[in-house]
Structure formats: structure tokens, C-alpha cells
Amino acid sequence: MKSGKTKIRITDTTLRDAHQSLWATRMRTDDILEIAETIDGAGFYSLECWGGATFDVCMRFLRENPWERLRRIKKVCRKTPLQMLFRGQNILGYKHYPDDIVERFAALACENGMDIFRVFDALNDPRNLETAVKCVKKYGGHAQGTICYTTSPVHTVENYVKLAKEQESMGVDSIAIKDMAGILTPGAARELVAALAKAMPDMPIQIHSHMTSGMASAMYLAAAEAGAGCLDCAISALSSFSSQPPTESIKAILESCGFDTGLDQEALAKINAHFKALKAKRQPASCAKVEPVDAGVLVHAIPGGMISNLRSQLAQQDALDRLPEVLEELPKTRADLGYPPLVTPTSQIVGVQSVLNVLSGKRYSMVTDETRRYAAGYYGRTPAPIEPKLRKKLCGKLKPIDCRPADLLKPGLVAAASELPAGTIEAEEDILSYALFPEVALGYFKWRKEGGPIPADSEETVSSASAAPAAGAAPSAKASGPANAQAASGTQVLAPLNGTFFRSDAPGKPPMAADGAAVKAGDAVCVVEAMKLFNPVKAPASGKITFLVGHGEAVKKGQAVASIG
């Protein structure tokens, strides 16, 4: 029994990670504002309400301005600091952005009301944290450094302490242990927290976990007893499963052991009632079927936010029945790629590559652009080296690098602003939205300008990783029926997956192959975006190419997208 009343602070994740883990990030701003005042008065240390997938989903599916969401929450929540998940040099996306975009994003986030930035890098590469930490502090935010926790032969307590010390030297204000998959055991938490507290006695330590394996509540108590001062929890209606431990239960556990949380029980009950009532409207049917505990996570280590998306991704490919194979393949792919922690974007890269390894029938016969760039070092230094022959195969013609990836990037703000059509933007924040998610932002801006309808609740059951066109519109794909088959005389180029067809591999770039151009067998001629990653499609033969599908249209696996004759 703990003597005295040591304060353990609680960060509420209901408004971000909890609904990202359980509701495919489908909570709307009005859902939040209806209960925001009560949440603000409940006694939480901070409210995680922004970042992660919320930014993308706001524009892509909910037709909301994520910056406006932040401002509206801040207007109500004046007592409790707001917190966000900031992917270091990746900001909120899946690639590295230039330093000028990182800095301006941090500045505008602070200006719009963000207080605490949990800054992490998926590979735990300190080089990818430096600019983000510096900029957050420059504009007055609290920079929280992060250890992305995972297990492997190269992930040791000593290495984690070294990583934390490197972040301390950058000037972080606190350190979070981010246990994305819920695989941190009570014993390991006690050892790691104690080691961090000994190495950095004045550094506040916060713990983030998921209930996927069922042991996060026990781990939280062990971490608190070892010296952690803050824990991430979600209100019970949006807790457990692949979300965080329930606030009410953790409050009771801690207080029974002599700790004080400072949380208002009556306020918690009101908050829970609100989200319990909302659940029927916002929880996608596919996410409602998850198992309460997935002990398999102790093997495959898929983070909570990815579990629901992985199921949806397979369903989109008409291959949900192959989930067991993907879960068996995933740890093998992760080992091949140097044991990266599975958190965005590496969770998506490893997860989708595992899906492709299973669906294609031959491992690495299909390699996404992102996997190729990861292997070449464009996401940072891998925790363990990739076997040289495999790395060469994965990289293809892409030259490997060993510098900080962002050092190779030119400033991007001015270029982003110049690409936007006249009359598109309403504020500087729109330029940042476009810089991060070009096609998604353009689709949202067009919808906003035209005064399009608010999506019906029934439309929100689509996963945030769905194959809806990135441009935001959803035109029907050309059918691969008789007319299309007749047009596709010669050798057909087939879509490898269900997704969105693109002629170019990035916004603003010219087509990878012009209509009627001569192409060689093996040339990448177009892209199918599936599961948020870009999959190059190669010409199966040499000859002149004719495209059968329009840029930005939805396609089905096996559909002819071009012909070569």
C-alpha cells in the first residue's frame, strides 16, 4: 500500500486516440462540443484532441476543417491544456516534410490553441525529432519527447534510456513511453520507468498504452509505482479493446493504492453517458466486432489504431478471410525490415507490405513506393540493418541514403502556396492542409466552395484507410465489362488491388506515361492508391500504351486500367 497522496495525472484520449482506435476516427466536432465543457471541468491533466488521423479524416470523410475543430475546442476548454500527436518530421502524414513546413505547422498549431505536442518518430531516430522539438518550443508549446516502445533483439532498456537522454539534450519538457500495441508488461514497465527516473530524475514521465492484450491496466499501476506521473486513459464507453484503459477503473485502482488523480467522479459519469449514447451512431459496424482481448498482439504487435484499419483494408480487397495469414506474415516482414516499432507510418508500411506479401502469393513481388523508400533510408535509420540482398531488391533503382532524410528536401511552403488554384484558400492554415495532404485538401476545398452536403451518418462507416479517391470525390470506376474489354485489345494492364487510379505518382507531377507513348515491359506506368499507400503498376509488355481509366477514379482488383499493343 502506497503511503501519502502522490498525484498521478490523467490525460484523456477520448477525443483522439480512443475514437481513432474504435470508431475509425469518425467523431465529429459537434459531438465533442456537446460535452466539452464537462470534460474541461473533470480534472484531467490534458485533453488529446488533435493529430494522428483526425486531421486527414476531418477533410476526407467528415468534410470539416481540422483547424476550425481545434479553435472551437480551445474556445470551450480553457482550464485543461490541449494535446496532439505530432509525428516529428512526418507531422501528420506518411512522409517527411521540409523543415519550413514543420516550423510553420508548429507555429500555426500553437496560434490556434494547441498546448502540448507529443513528438515522436516511428523509427526512434532522434534526427527526425530535432526540428519539430525546436519549433514547438520556439512558439511556446510544451514539447513532449517520445519513446516508441517495442520488443526485438535490438530494443533494450539501455538503448531506450540513451534515446531519452538524446531527447533531453534537445530540450524536451517531458518524456512519453508510447506503447502502441499494448505489449509493455508490468515488469518491463517497472524496469524501464525506474531506469529513466534514475537517468533523468527531473524529467516528467508519461505512459501511453492500449488494452489490446488486456494487461495495460496492470502495467499502468506498475509504472505509477515506479515513478511515472501521468497516464493516458479513455472514458469507459470508448475504452478497452484496442483503445486505452478506462479512466474510471484506473482512477479506482490508483486511489485504492494511495494515489490521488484529482478526477471528478460525477463529471466522468456525465461524460461517459454522452459517449455511450453516441456510440450507436458513430461506431462503424466493422469495428464493433473486435474481440475484447487479442493475445496475438504479443506476437504481431499491431498498434491499436491499426487493428480496425487492417480489417477494413482486407475487406476492401475482398480478402478479410485471409487476416490470419496476414497476422502470421506481419512479424516476419517486420523482422526483414529491421524491427521497426509499429506506429504510423511504419505500421502502415509494414502492415500493407504484409498484406501484399500474402495477396500476391510471393513475398515482395509487389513493393509499395513507401516500402522502397523506407528500405533506402528515406524515413530514417532502421533499428537493425536490413539484410543487404533484400535491401537491394526492395530499393530497386532508388539510391540509398544515410543522412537525415529532411536534409534532402527543398523548402516547400512557397511551392505549396503557388500550386493552389486562385480562390481556393480562406486562410494560411489551408496552405498547410494542402502541403500535408494535397489531394485530400483539394477535394475538401472544392466541396467547401461548392457548398456540398454534409455526409450522412451512414456514409461514415467507411474506414479512414478506405480506397475512396484521395481527391475527395468518388466517381464511379469504369466497368471492366464488354465495352472496356473491347477497348483493351492487346496486353491488359490490370489493377493489382482495389483502390484509386492515378496517372502520376504525386500531385502536380506529369503522367508517368503519356497516352500512346511507347513503354517497356517492367516500366512503372501508373499508380493505384490502396490502403493509403501508393502501389506502382508496371507494364507487363512492351508497346504503345492506351489508358482506359481516368485519373482519380476508383478501380477494382483485376480491372483493366490500360492496354499495351
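The structure presented is a predicted model; accordingly, all values stated were derived computationally and were not measured. (Residues numbered from 1 in each chain as written. Predicted model: local features only at pLDDT ≥ 70, side-chain atom pairs only at ≥ 80, totals over all residues. Heavy atoms only, no water.)

Side note on the nonpolar core
- W50, F86, F105, I207 and F275 are the most contacted members of the largest nonpolar core, which totals 137 residues.
- Excluding residues that lie within four positions of it along the chain, F86 makes contacts with I91, V102, F105, A106, F117, R118, V119, F120, A132 and V136.
- Formed by 17 residues, the second largest nonpolar core is a distinct cluster that contains V493, V528, V537 and I545. (Core = buried A, V, L, I, M, F, W, Y, C linked by side-chain atoms within 4.5 Å. Buried < 20%, exposed > 50% of the residue type's maximum accessible area, 1.4 Å probe, protein only. Contact = heavy atoms within 4.5 Å.)

Overview of the sheet that holds strand β12 (residues 524–530)
- Pairing within the open sheet is antiparallel, and its 4 strands lie in the order β13-β12-β10-β15. The open sheet has two free edges, formed respectively by β13 (533–538) and β15 (554–555), since each of these has just one partner strand.
- Bridging between strand β10 (residues 499–502) and β15 involves 2 bridges; their strand directions are antiparallel. The residue of β15 that forms the bridge with T500 is A554. (Pairing = 2+ DSSP bridges. Helix = DSSP H or I, 4+ residues; strand = E, 2+ residues; numbered from the N terminus.)

Notes on helix α16 (residues 346–360)
- Over its 15 residues, α16 runs 21 Å from end to end, which matches the ideal 21 Å to within 8%, given 1.5 Å per residue.
- Burial runs high along α16: 14 of the 15 residues are buried.
- Of the residues flanking the end of α16, it is G361, one or two places downstream, whose phi is positive at about 85°. (Expected span 1.5 Å × (residues − 1).)

Remarks on the packing of aromatic side chains
- Tallying each qualifying case throughout the model produces 14 aromatic pairs.
- Look at W50 and F105: their rings are 5.8 Å apart centre to centre, the planes differ by 10°, and that puts the pair in the stacked class. Of this pair, W50 sits in strand β2 (residues 46–51) while F105 sits in helix α6 (residues 99–112); the two residues are 55 residues apart in sequence, bridging distant segments of the chain.
- By relative accessible area, which is 0% here, F105 ends up buried.
- Here F55 and F105 contribute two aromatic rings whose centre-to-centre distance is 6.3 Å and whose plane-to-plane angle is 65°, an arrangement assigned as edge-to-face. Separated by 50 residues along the polypeptide, F55 in helix α4 (residues 54–62) and F105 in helix α6 bring together distant segments of the chain.
- Since its relative accessible area comes to 0%, F55 is described here as buried.
- The positively charged end of R373 is found above the aromatic ring belonging to Y378, 4.4 Å away from the centroid.
- The ring of F547 is capped by R503, whose NZ or CZ atom sits 4.1 Å from the centre of that ring. (Phe/Tyr/Trp six-rings, centres within 6.5 Å; stacked < 30°, edge-to-face > 60°. Lys NZ or Arg CZ within 6 Å of the ring centre and 35° of its normal.)

Some words on the sheet that holds strand β5 (residues 142–148)
- If you trace the 8 strands once around the closed barrel, you get β1-β2-β3-β4-β5-β6-β7-β8, paired in parallel fashion. Direction aside, the axes of adjacent strands within the sheet are offset by 30° on average.
- Looking at chain direction, β2 and strand β3 (residues 82–86) are connected through 4 bridges and run parallel. Pairing of E48 across the sheet is with Q83, part of β3.
- Across the sheet, helix α1 (residues 14–22) touches β1 (9–12), β2, β3, β7 (205–208) and β8 (230–233), and the angle it forms with β2 is around 60°.
- Here helix α8 (residues 157–170) sits on the sheet in contact with β5 and β6 (174–178), set at roughly 160° to β5. (Axes fitted to C-alpha atoms, helices over the stretch in contact; angles between N-to-C directions.)

Considering the pattern of salt bridges
- Taken as a whole, this structure holds 27 salt bridges when the rule is applied.
- Between R16 and D17 there is a salt bridge, with the nearest N and O atoms lying 3.5 Å from each other. Assigned by exposure class, R16 and D17 land together as buried.
- Across the pair K509 and D505 runs a salt bridge, and its minimum N-O distance is 3.9 Å. (Salt bridge = Lys/Arg side-chain N within 4 Å of Asp/Glu carboxyl O.)

What to know about the layout of surface pockets
- In this structure, the second largest pocket encloses a volume near 390 Å³.
- Around the second largest pocket, the lining is made up of 14 residues, and of these L123, N124, P126, N159 and P383 lie nearest the centre.
- Here the lining of the second largest pocket is composed, by residue class, of 6 nonpolar, 4 polar and 4 charged. (1 Å grid on protein atoms, 1.4 Å probe; cavity = no way out; pocket = protein on both sides within 12 Å on 5 of 7 lines; lining within 4 Å. Points joined across faces, edges and corners; volume = space filled by probe spheres on them. Nonpolar A, V, L, I, M, F, W, Y, C, P; charged D, E, K, R; others polar.)

A few points about the packing of helix α20 (residues 428–436) against helix α21 (residues 438–450)
- Between α20 and α21, the shortest axis-to-axis distance is 5 Å and the interhelical angle comes to 135°. The orientation of α20 relative to α21 falls into the category oblique. Touching D430, S433, Y434, A435 and L436 of α20 are P438, A441, L442, F445 and R448, all from α21.
- In terms of residue class, the contact of α20 with α21 is made up of 7 nonpolar, 1 polar and 2 charged. (Parallel < 35°, antiparallel > 145°, perpendicular 65-115°, else oblique.)

Let's talk about the packing of α4 against α21
- It is the contact of α4 with α21, at a shortest axis distance of 8 Å, that shows an interaxial angle of 45°. On the basis of the axis angle, α4 is oblique to α21. Both α4 and α21 take part in a crossing whose hand is left-handed. Residue-level inspection shows D56, M59 and R60 of α4 in contact with α21, the latter providing V440, A441 and Y444.
- Looking at the contact of α4 with α21 residue by residue, the class counts come to 4 nonpolar, no polar and 2 charged. (Left-handed = near helix turned anticlockwise from the far one by under 90°.)

Quick look at the side chain of H274
- Positionally, H274 belongs in helix α12 (residues 265–282).
- When its relative accessible area of 15% is taken as the criterion, H274 is described as buried.
- Apart from residues no more than four positions distant in its own chain, H274 is found in contact with D31, E34 and I35.

Section: unusual backbone geometry
- Geometrically, the link from T344 to P345 is a cis peptide bond, its omega value of 5° lying close to zero.
- Along the chain, P345 falls in the loop between α15 (323–336) and α16.
- For A24, which is not a glycine, the phi torsion comes out positive at approximately 50°.
- Look at A24 and you get buried, because its relative accessible area is 3%.
- Positive phi outside glycine occurs at T25, with the angle close to 65°.
- Structurally, T25 can be placed in the loop between α1 and α2 (29–33).

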